[in-house]
Amino acid sequence: MPPCWTLSCEIDLAYPVCEQNDMLRIRVLHGPNLNLLGTREQSIYGTMSLDAMDSAITKLAEELAVKVDLRQSNSESELVTWIQEARTECDGIIINPAAYTHTSVAIRDAIAAVGLPTVEVHLSNIHQREDFRHQSYVAGVPIGQISGFGLTGYLLALRGLQEHRTTSRSQKKTPASATSRRAARGTR
């Protein structure tokens, strides 16, 4: 079922909104080299495989009544395509752009273009690593960034998006008074 698009007076962004009884759909995107988790630089990324991480994400999603679509690619163009497709297929995105964090304007622009609430996740703390990793081209677009908590970062992102979407849905169903709308905009 395609989502309907709404624009709230209090919110400048338009998010696709499903009916309350629809299951929330989140696309989880893993960027380049994350397919090597469990064997790659274990002192930085740990020993958990990508399959084990995906299983943990899926388990939490089931507990939260959220449908997750988990994907991994080493290709920037494939990640951009999946972000664009999410516009009509999903309610939010969790993305670990991995190395593309520091190089990809295309991924940043795709996230901005689809207008979905997105959380950027990194297994390691990118701000405690090499200087070139401190810059994220993506960071200015998502509603949040979680860095340095390993698998827990993905789980926090899933809980955060679920809460964000639930709150957005309930606010859209409850009409705000004119006074509260003016207060939210900072006008009289």
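Up top is the structure.
Now for a look at the structure at hand. A quick note: this is a predicted structure, and the numbers were derived from the prediction, not measured.

### Focus on the sheet that holds strand β7 (residues 144–147)
Next, step 1: Read across the open sheet, the five strands follow the order β4-β3-β5-β6-β7; overall the sheet is parallel. Of all strands in the sheet, those bounded by a partner on one side alone are β4 (66–72) and β7. Strand after strand, the sheet turns through a mean of 20 degrees between neighbouring axes, direction not considered.
Next, step 2: Bridge count between strand β5 (residues 92–96) and strand β6 (residues 118–122): three bridges; the pairing is parallel. Looking at β6, one finds that Ile93 is bridged to Thr118.
Next, step 3: Strand contacts of helix α2 (residues 50–63): β3 (24–30) and β4, with the helix running at about 165 degrees to β4, the strand carrying the most contacts.

### Some details on the nonpolar core
Next, step 1: Ile26, Val66, Val68, Ile94, Tyr154 and Leu158 are the most contacted members of the largest nonpolar core, which totals 25 residues.
Next, step 2: Looking at this core, the elements with two or more residues in it are β3, α2, β4, β6 and α5 (151–173).
Next, step 3: For Ile26, the contacting residues outside a window of four places in its chain are Val66, Lys67, Val68, Asp69, Gly92, Ile94, Leu158 and Leu161.
Next, step 4: Counting residues in each nonpolar core, the second largest holds 16 residues, with Ala86, Ile93, Ile107 and Leu116 among its members.

### A look at helix α4 (residues 105–114)
Think of an α-helix as turning once every 3.6 residues; residues three or four places apart then point the same way.
Next, step 1: Inspection of α4 places Ile107, Ala110, Ile111 and Val114 among the buried residues, and these make up the whole buried set. For α4, the arc enclosing every buried residue in end-on projection is 95 degrees, short of the 170-degree limit, so these residues lie on one face.
Next, step 2: A distance of 3.4 Å separates the backbone nitrogen of Ala106 from a side-chain oxygen at the start of α4, and that oxygen is part of Ser104.

### A few points about the environment of Asn33
Next, step 1: In this fold, Asn33 is placed in the loop between β3 and α1 (42–45).
Next, step 2: A relative accessible area of 32% places Asn33 in the partly exposed class.
Next, step 3: Separated by 41 residues in sequence, Asn33 and Asn74 place their C-alpha atoms 6.4 Å apart.

### Brief notes about the packing of helix α3 (residues 76–89) against α4
Next, step 1: Packing of α3 against α4 leaves a shortest axis separation of 9 Å and a crossing angle of 5 degrees. Taken together, the axes of α3 and α4 are roughly parallel relative to one another. On the side of α3, the interface is formed by Glu76, Leu79, Val80, Ile83, Gln84 and Arg87, while α4 contributes Ala106, Ile107, Ala110, Ile111, Ala113 and Val114.
Next, step 2: Across the contact of α3 with α4, the residue classes tally to nine nonpolar, one polar and two charged.

### Concerning α2
Next, step 1: Relative to the 20 Å expected for 14 residues at 1.5 Å per residue, α2 spans 20 Å between its end C-alpha atoms, a close match to the ideal helical length.
Next, step 2: Three or more residues of α2 are buried, namely Leu50, Met53, Asp54, Ile57, Leu60 and Ala61. Seen end-on, α2 carries its buried residues on one side only, within an arc spanning 125 degrees. Exposed and facing more than 90 degrees away from the buried side of α2 are Asp51, Lys59, Glu62 and Glu63.
Next, step 3: Once α2 ends, the next one or two residues include Ala65, with phi positive near 60 degrees.

### So, the environment of Ile57
Next, step 1: Take Ile57: it is sitting in helix α2.
Next, step 2: Assessed through its relative accessible area of 2%, Ile57 is described here as buried.
Next, step 3: Along the primary structure Ile57 and Leu70 are separated by 13 residues, whereas in three dimensions their C-alpha atoms are 8.9 Å apart.
Next, step 4: Excluding its chain neighbours within four sequence positions, the residues that come into contact with Ile57 are Val28, His30, Val68, Leu70, Leu151, Tyr154, Leu155 and Leu158.

Criteria and thresholds
- Residues numbered from 1 in each chain as written.
- Predicted model: local features only at pLDDT ≥ 70, side-chain atom pairs only at ≥ 80, totals over all residues.
- Heavy atoms only, no water.
- Pairing = 2+ DSSP bridges.
- Helix = DSSP H or I, 4+ residues; strand = E, 2+ residues; numbered from the N terminus.
- Axes fitted to C-alpha atoms, helices over the stretch in contact; angles between N-to-C directions.
- Contact = heavy atoms within 4.5 Å.
- Core = buried A, V, L, I, M, F, W, Y, C linked by side-chain atoms within 4.5 Å.
- Buried < 20%, exposed > 50% of the residue type's maximum accessible area, 1.4 Å probe, protein only.
- Arc of directions from axis to C-beta.
- Polar contact = N/O pair within 3.5 Å; in protein donor to acceptor, adjacent residues only side chain to side chain.
- Parallel < 35°, antiparallel > 145°, perpendicular 65-115°, else oblique.
- Nonpolar A, V, L, I, M, F, W, Y, C, P; charged D, E, K, R; others polar.
- Expected span 1.5 Å × (residues − 1).

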